There are 2 protein chains.
Amino acid sequence: MLGLMQEWPLLCHKIIDHAARQNPAREIVSRSVEGPIVRMTYADLNIRSRKVAERLAREGCVPGDRIATLAWNTGRHLECWYGAMGMGGVYHTLNPRLFPDQIAWIMRHAEDGFLFCDLTFMPIVEKIAPSVPSLRRIVVLTDEAHLPQSPLPGLVAYETWLAEADGDFRWLELDENTAAGMCYTSGTTGEPKGVLYSHRSNVLHAMMACMPDAMGISSRDVVLPVVPMFHANAWGLGQSAPMVGAKLVMPGGKMDGASIYELLDTEKVTFSAAVPTVWLMLLQHLEETGKTLPHLRKVVIGGSACPRVMIRKFEENYGVEVVHAWGMTEMSPLGTLCTLKPECDGLDAEGKLDIRQKQGWAPFGVEMKITDDADVERPWDGATFGRLKVRGPAVARAYYGGAGGEQFDAAGWFDTGDVAHIDAGGYMQITDRAKDVIKSGGEWISTIDLENIAVGHPDVAEAAAIGVPHAKWDERPLLVVVRKAGRNVEKKALLDFMAGKVARWWIPDDVAFVDEIPHTATGKIQKSVLRERFRDYRLPADRA
Amino acid sequence: MLGLMQEWPLLCHKIIDHAARQNPAREIVSRSVEGPIVRMTYADLNIRSRKVAERLAREGCVPGDRIATLAWNTGRHLECWYGAMGMGGVYHTLNPRLFPDQIAWIMRHAEDGFLFCDLTFMPIVEKIAPSVPSLRRIVVLTDEAHLPQSPLPGLVAYETWLAEADGDFRWLELDENTAAGMCYTSGTTGEPKGVLYSHRSNVLHAMMACMPDAMGISSRDVVLPVVPMFHANAWGLGQSAPMVGAKLVMPGGKMDGASIYELLDTEKVTFSAAVPTVWLMLLQHLEETGKTLPHLRKVVIGGSACPRVMIRKFEENYGVEVVHAWGMTEMSPLGTLCTLKPECDGLDAEGKLDIRQKQGWAPFGVEMKITDDADVERPWDGATFGRLKVRGPAVARAYYGGAGGEQFDAAGWFDTGDVAHIDAGGYMQITDRAKDVIKSGGEWISTIDLENIAVGHPDVAEAAAIGVPHAKWDERPLLVVVRKAGRNVEKKALLDFMAGKVARWWIPDDVAFVDEIPHTATGKIQKSVLRERFRDYRLPADRA
C-alpha cells in the first residue's frame, strides 16, 4: 500500500523559489571579478536565473545538455547554476587550477556545449576552446564595457546576453532523478572521472548540510563560501544557503588573508568554509594586524586534514568554533563533520581537541563502514582501521561514462579509497589513503600517523612514509625526509624521537633524506612518484 | 539524462539504524504507564523495534496492514511505530480523547488488524474491540506482572510477546512511497478523515523539522515531546529526535505541571513541544513553587494560537525562546514556525512579540499561498487575507478512502480551511477558519481578531464572533459573550471598547450575552452550534 502524500519532486529550482518567497530581500554580496563589491537579493537571483534558463533554451540548449562554468564564487556563477538546472541542463564546474590540456580533455569527455567563464580565465579559454568540438557558445561573465578583445569567435558579454531575456521562463517540471550538475575528480592517478549529481541528490544533500550537527546554518547566518564552487560544489553552500535564506557573501577571485578579512568584517560574516591553506593565510593576516573576528561564529575546515594548532588558534584566540569535515566529490561532497556530542562534555580542552582533529561523524543520509581486504566489516573501536566505504542518496553510484566501476559494489557501497578508524561514539578519523597504507606481514601501518610524528621533530620540514618491498614482511616502512634548512638530524635520532609514539613494529626500517618531496598541483604529496623512485630500495635488514 | 547518484530510498527504519550507529548510547527516558521512570538507548530502540517487526510478521501481519496504537508517549510506543513500519506495516495512532464510538468507527474504517494499547486505555479497548471485526490481536504495552484481568480474549503482555523474538529481523527493502503511518483528523464537522503518511514524507518531514530555523534540534538536545504521538505524530519528534541523535524524554500519561517540571529538571531537558494548555499548567506550577527553568532553551507551542502573555512569560521570566508554530495532521504536521529573521533585529521587545504571535514562516518543503474565493492569489502584505493553501512532499494529496476530495486541487494545493495573511517577510498569521469568516458585502471579517479584542475587556470571560444573515450586507458580525462572574458590561460599553482597534465596518452589529459557549472535546469553540442557535437572529438595523 502506498501513502497518500503529494508528489513533490525534489528539484533544485524549488530552493530558489523558496528563497525568493520566504527571504526575498536577503542579500547575495559578491566581490566581482571586475573589482567592486556588488549586491543582489534572493528575489533577484530567482529572476536572473530564470533569464539564464530562458536564454539557454533560446540558444538551443535542451534538457541534458552540459553547461560548463569556469568561474569564481559570485552571484553570477550561482545564477548560471540555477538557470542551467531549471531548464533541465547540467551545470558542469571546471577547475581552473588544472592544466589547460586536462580541462580540454574533461570538456571533450563531458561534451560541454556551452561555457560561462570569468574574465580571469580568458587565457585558458582561448587555449582550450579550439580543441573542444562540442562547444557551441562562450559567454563571458561580465558586462559589455569589460568584454575583452579576443580571437575567439562569437564571444558575448553575459549582461548583454541576459538583457535579451523576458524573464517569464517557467521552470521545467522534471523527474527528481534528472541530472543537475557535474564535477570531475582529478585523482592522483588515471584520467579524471565525472560525477553526475541529480536534483534529488543536491536537494537532499543541502538538507543534510543544514542540520544543526552538520553545518547548522540558518536565515540568521551570513555565509562566506571561500571553498570554490568548482571544488566539489562549494561543499553544497550554493544550495544550502538559499534553502535556509542565509545571506551569501561570495569572495570572487580574491582568497588572500586581507581580502577575506575585509569581507568577514564589512559583511559581518558568521559562517565560513574553506581548506586549511586559506585559513592559514587569514590567521597570518590576523596575527600581523592584530585584528579580531567578532562576528564569525563557525568555520568548516576540510579538503585536507586540519592541523591541531589551527583549531586551537581559532577557538582560543578568536572564539570561533571549528568544524573539521571530510567528504569527496563523489559524496556531493559532505561525508562527516566533527561537532561535539554531549559525551565529549566531560573532556578537558586537550581531550576536546583530540576529538576535533578527527574528521567527525555522519549526518543522517550518510552510511559508513570500514572493512578489511576481504570486505568483512571491522569494529568501531577507534583503533582498528579499514577501508572506508559509504552509501547514501547523495553518493555516486557510477562515474559518467562508466569509468572506475571497481569503486562501486553490488550493495551500493562506494569505496572512498581512504583508510580510517571509527570510535564507539561514531567519530571517524582518516588514517591513510588505501593505496598508500603499508602492509607489513598482513597488518596495516598508517603512513599519515608516521608522517605526523616525524614532522613533529624540530629539524624536519616534511616527511613521507612509503612501503618498500621486504623479503620477510612483504613491505616495510621507509621514511623519506626533507630537513629544515641548516638542520642535520640523522636517522637514529629521528627514529629514537618516534619510538614510543607508535607501536614498535610501525617504526620505519630506514630513513632517506632528500632535498625535495614531489607534490601534485593541489599540494598533495605524490606518493606514487616516491614509490617509483624507491622501488628498488634495499632496506638495511634486507641488505645484509 | 538522469544523474548517477545512489538509489537510497528514504525509509523510516534508516532513521533508527542511523541513531543506533551514530548515537548508540543516547537515552530514551520514559515515564512508564506503570509508574517508574525507565531508560533505554537508541541501540536498544533499534533491537526492540526489529523484535516488534519480527513478532508482527510471525502473527501474520503483511505489508500494508494497519497496526493501531492507543498509547501515551513512551519508548515502547516508539518501538511499535518503527517495528510496524520496518515490516511494511502502517502504524495508526488512535486518539483516546475521542468518544469510544468514534474510535471504533475509525478503526473499522482503517480496518486495523492489530492493536497495541496502554493499561490506561483498557476500559476503552474493552468497549470498542467487539465492534471492530478486523481486529485480530491486542497487545497490552506492559509486562506479565501488570497484565490486567479482562473479558477480552487472547490478551497478551507486550514484554512477554516481545521476548519470543530472536531479534534478527532484517528491515524490508521498500519503495519510499510505501505507506508508513496513519492518523485521522477529527474535524468539527463530518466524519473523521484518514491521512496516510509515507516513508518518504515522514523522512523528509523529519529533515525539514530539524533545520535550524524550524525546530533546530541536535545531538546535544534533550527533547521532551509533551504533544502526544496520537496528536499529529508528536509533531514529528518521534522521527526527528532519533534522526539527529537527541536524547528523548517521554512523559507517559502525566502532563500536569509538576510532572512535566520533574522531567524538565531531572533530565535537563533543553527542548520541548506542546499545546498552550500544557504550558499554562507548567507556568502556573512554576509561579506557585518559585521554580525556574535553567536547562530549557526552547519550546515550540502550537495546536492553537499561543497567547502573547505566555510568550512573554517564557522569554522574560524564564529565558526560554518560544517558537510559535502552526500545522495540520494533513501536513505531517509542520507548516510554519515562528523564528526571528535578521530583519526583526531592529524591533523592540513589543515589536518582536508582535512577530512571535504570528504562526511563522515555512521551511523549505512547505509552499504556501493565500487566495480569494475565485482561487486568485492575494498579495503578501501582512494585511490582505485569503484562504491558506499549501503544497509539499509531506502534505496529503488525498484522504484514505477518498473522503474530502474537495480540499485538494489539480495543481496539488491543499486547502487548509484556514484564513490567513502573510507579510512581505514571509510571516503567516491565521486570522480565521474559512468556515467561520464573516463575509460582509463581499469583504471578509476575521472573527479571531474580534474575539481577541473582546476578551481584552476586563469583564469578558469568553467571546465568539459569528456571521448572521443581513438583508443588505449578506452577513454581519454578532458577538456572543460570556461575562466574568459578577461583572455586568453592556453592549454599548463593549463596542465602544472595541472601537478604534479594528476597521469601523468590522465592529459587530450586536452583542448577545450568554451563560455558556459550547466547546468541542478538544476545547475549541463550536461555532457551527452557535451559528445554528442564532440562525434566525435579527440584528438591530434589520429589526426596524
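Along every chain, residues carry numbers that run from 1 in the direction the sequence is written. For this description, chains carry letters from A and ligands carry numbers from 1, given in the order in which they are written. Predicted model: local features are reported for residues with pLDDT of at least 70 only, side-chain atom pairs are reported and counted for 80 or more only, and whole-chain, interface and lining totals are derived from all residues. The side-chain values count all of the structure's non-hydrogen atoms but skip hydrogen atoms and water molecules.

Side-chain rings of Phe, Tyr and Trp (the six-membered ring for Trp) are treated as a pair once their centres are within 6.5 Å; stacked means planes under 30 degrees apart, edge-to-face means over 60, and tilted covers the remaining angles. Across all of its chains, the model carries 34 aromatic pairs over all chains by this definition. Relative to Phe230 of chain B, the ring of Trp72 of chain B lies with its centre 6.2 Å away and its plane at 55°, an arrangement referred to as tilted. Placement of the pair is Trp72 of chain B in the loop between β3 (66-70) and α3 (75-86) and Phe230 of chain B in the loop between β10 (222-225) and α8 (237-244), with a sequence separation of 158 residues. Accessibility here uses a 1.4 Å probe with only protein chains present; expressed as a share of the type maximum, an area under 20% marks a residue as buried, one over 50% as exposed, and anything in between as partly exposed. Residue Phe230 of chain B is classed as buried on the basis of its relative accessible area, which comes to 3%. By way of ring pairs, the aromatic residues Phe114, Phe116, Tyr158 and Trp161 of chain A are connected into one cluster. Over a ring means this: the NZ of a Lys or the CZ of an Arg is within 6 Å of the ring centre and within 35 degrees of the ring normal. Here Lys341 of chain A stacks its cationic end above the ring of Tyr427 of chain A, 5.4 Å away from the centre of that ring. Here the basic side chain of Lys501 of chain B rests over the ring of Phe497 of chain B, its NZ or CZ set 3.9 Å away from the ring centre. Secondary structure elements follow DSSP: runs of H or I of four or more residues count as helices, runs of E of two or more count as strands, with numbering from the N terminus.

So, on to the pairing of strand β12 (residues 271-274) of chain A. All names here are of chain A. A two-sided burial pattern is seen for β12, the buried positions comprising Phe271 and Ala273 on one face and Ser272 and Ala274 on the other. Two elements, strand β10 (residues 222-225) and β12, share three bridges in a ladder whose sense is parallel. The residue bridging Pro225 from the neighbouring strand is Ala273, located in β12. Here β12 pairs with strand β13 (residues 298-301) via four bridges, running parallel. Its bridge partner lying in β13, Phe271 is registered against Lys298. Between β12 and its parallel partner β13, the chain crosses via helix α10 (residues 276-289), and the hand of that crossover is right-handed. If DSSP finds at least two bridges between two strands, the strands pair. The handedness rule is simple: strands pointing away from the viewer, and a clockwise path from the first strand over the helix to the second, make the crossover right-handed.

We now examine the environment of Lys389 of chain A. Residue and element names in this part refer to chain A. Residue placement: Lys389 occurs in strand β17 (residues 386-391). What makes Lys389 buried here is its relative accessible area of 11%. The spatial distance from the C-alpha of Lys389 to the C-alpha of Gly417 is 8.1 Å, given a sequence separation of 28 residues. In what follows, a contact means two residues having at least one pair of non-hydrogen atoms within 4.5 Å. Discounting residues that sit within four places of it in the chain, Lys389 has contacts with Glu367, Met368, Lys369, Thr371, Asp375, Trp413, Phe414 and Asp415. Among the polar contacts made by the side chain of Lys389, one reaches the side chain of Thr371 at a distance of 3.3 Å. A 3.5 Å cut-off defines polar contacts: any pair of N or O atoms within that distance qualifies, except that in protein one atom must be a possible hydrogen donor and the other a possible acceptor, and neighbouring residues in sequence count only when both atoms are side-chain atoms.

Turning to α8 of chain B, a few remarks are in order. All names here are of chain B. Where burial is concerned, most of α8 is hidden: eight out of the eight residues are buried. Turning to α8, its buried residues number three or more, namely Leu237, Gly238, Gln239, Ser240, Ala241, Pro242, Met243 and Val244. Directly after α8, the chain includes Gly245, whose backbone phi takes a positive value near 80°.

Another aspect to go through is the relation of the copies chain B and chain A. Note on the identical chains: chain B maps onto chain A by a rotation of 180° and an axial translation of 0.0 Å, with an RMSD of 0.1 Å. Here the copies are linked by what is in effect a two-fold axis. Across chain B, the rotation axis passes nearest the C-alpha of Met211 of chain B, at a separation of 2.7 Å. Both copies contact each other with a shared surface, as 100% of the interface residues of chain B are interface residues in chain A too. Each copy is superposed on the other by least squares, with the fit set by C-alpha atoms of residues at a pLDDT of at least 70 in both.

Residues Leu56, Phe116 and Trp161 of chain A together with Leu56, Phe116 and Trp161 of chain B are the most contacted members of the largest nonpolar core, which totals 180 residues. Residues within four places of Trp161 of chain B in sequence aside, it is in contact with Val52, Arg55, Leu56, Glu59, Phe114, Phe116, Val139 and Val156 of chain B. Only buried Ala, Val, Leu, Ile, Met, Phe, Trp, Tyr and Cys residues count toward a nonpolar core, and they belong to the same one when joined by side-chain atoms within 4.5 Å. One finds Leu4 of chain A together with Leu264, Leu282 and Val322 of chain B within the second-largest nonpolar core, a separate group that totals 61 residues.

Once that is clear, we can look at the interface of chain B and chain A. The interface of chain B with chain A comprises 79 residues on the first partner and 79 residues on the second. In this description, buried area is defined as the sum, over both parts, of the accessible area (probe of 1.4 Å) that is lost when the two are combined. Both sides together, the interface formed by chain B and chain A hides about 6400 Å², and carbon and sulfur atoms give 58% of it. The working definition used for a salt bridge is a side-chain nitrogen of Lys or Arg within 4 Å of a carboxyl oxygen of Asp or Glu. For Asp345 of chain B, the salt bridge goes to Arg220 of chain A, with nearest N and O atoms at 2.9 Å. Where chain B meets chain A, there are 45 residue pairs in polar contact (both at pLDDT 80 or more). Listing elements by their share of the side of chain B that touches chain A, those giving two or more residues are α1 (12-22), β9 (193-198), α7 (199-210), α8, β16 (367-371) and β17 (386-391) of chain B. By residue number, the principal contributor to the side of chain B that touches chain A is α7 of chain B, which donates seven residues. Residue composition of the side of chain B that touches chain A, by class: 43 nonpolar, 19 polar and 17 charged. Basically, the charged four are Asp, Glu, Lys and Arg, the nonpolar ten are Ala, Val, Leu, Ile, Met, Phe, Trp, Tyr, Cys and Pro, and anything else, Gly included, counts as polar.

For the rest of this paragraph, the subject is the domain arrangement of chain A. Residues and elements named next belong to chain A. As annotated, the domain borders come from an automatic or database domain assignment. Partitioning chain A into structural domains gives domain 1 (13-197 + 230-245), domain 2 (368-432) and domain 3 (438-543). Facing the ten residues of domain 2 at the interface are nine residues of domain 3. Carbon and sulfur atoms make up 59% of the surface buried where domain 2 meets domain 3, a total of about 650 Å² over both sides. Residue Lys439 pairs with Asp373 through a salt bridge whose shortest N-O separation is 3.1 Å. The interface formed by domain 2 and domain 3 includes three residue pairs in polar contact (both at pLDDT 80 or more). Those elements that place two or more of their residues in the side of domain 2 that touches domain 3 are β17 and β19 (428-433). Broken down by element, the side of domain 2 that touches domain 3 gets its largest block of residues, three residues, from β19. Residues of the side of domain 2 that touches domain 3, tallied by class, amount to three nonpolar, three polar and four charged.

Residue and element names in this part refer to chain A. Structurally, the position occupied by Glu34 is in the loop between β1 (27-31) and β2 (37-41). When the C-alpha positions of Glu34 and Thr120 are compared, they lie 9.3 Å apart, and in sequence the two are 86 residues distant. Not counting the four nearest positions on each side in its chain, Glu34 is found in contact with Arg76, Leu119, Leu141, Thr142, Asp143 and His146. Polar side-chain contacts of Glu34 include one of 3.0 Å to the side chain of Arg76.

This part is about α7 of chain B. Residue and element names in this part refer to chain B. With twelve residues, α7 should reach 16 Å at 1.5 Å per residue; the first-to-last C-alpha distance of 17 Å fits that figure. Across the twelve residues of α7, twelve count as buried, placing the element largely inside the fold. By the burial criterion, the buried members of α7 are His199, Arg200, Ser201, Asn202, Val203, Leu204, His205, Ala206, Met207, Met208, Ala209 and Cys210. A helix is expected to span 1.5 Å multiplied by its residue count minus one.

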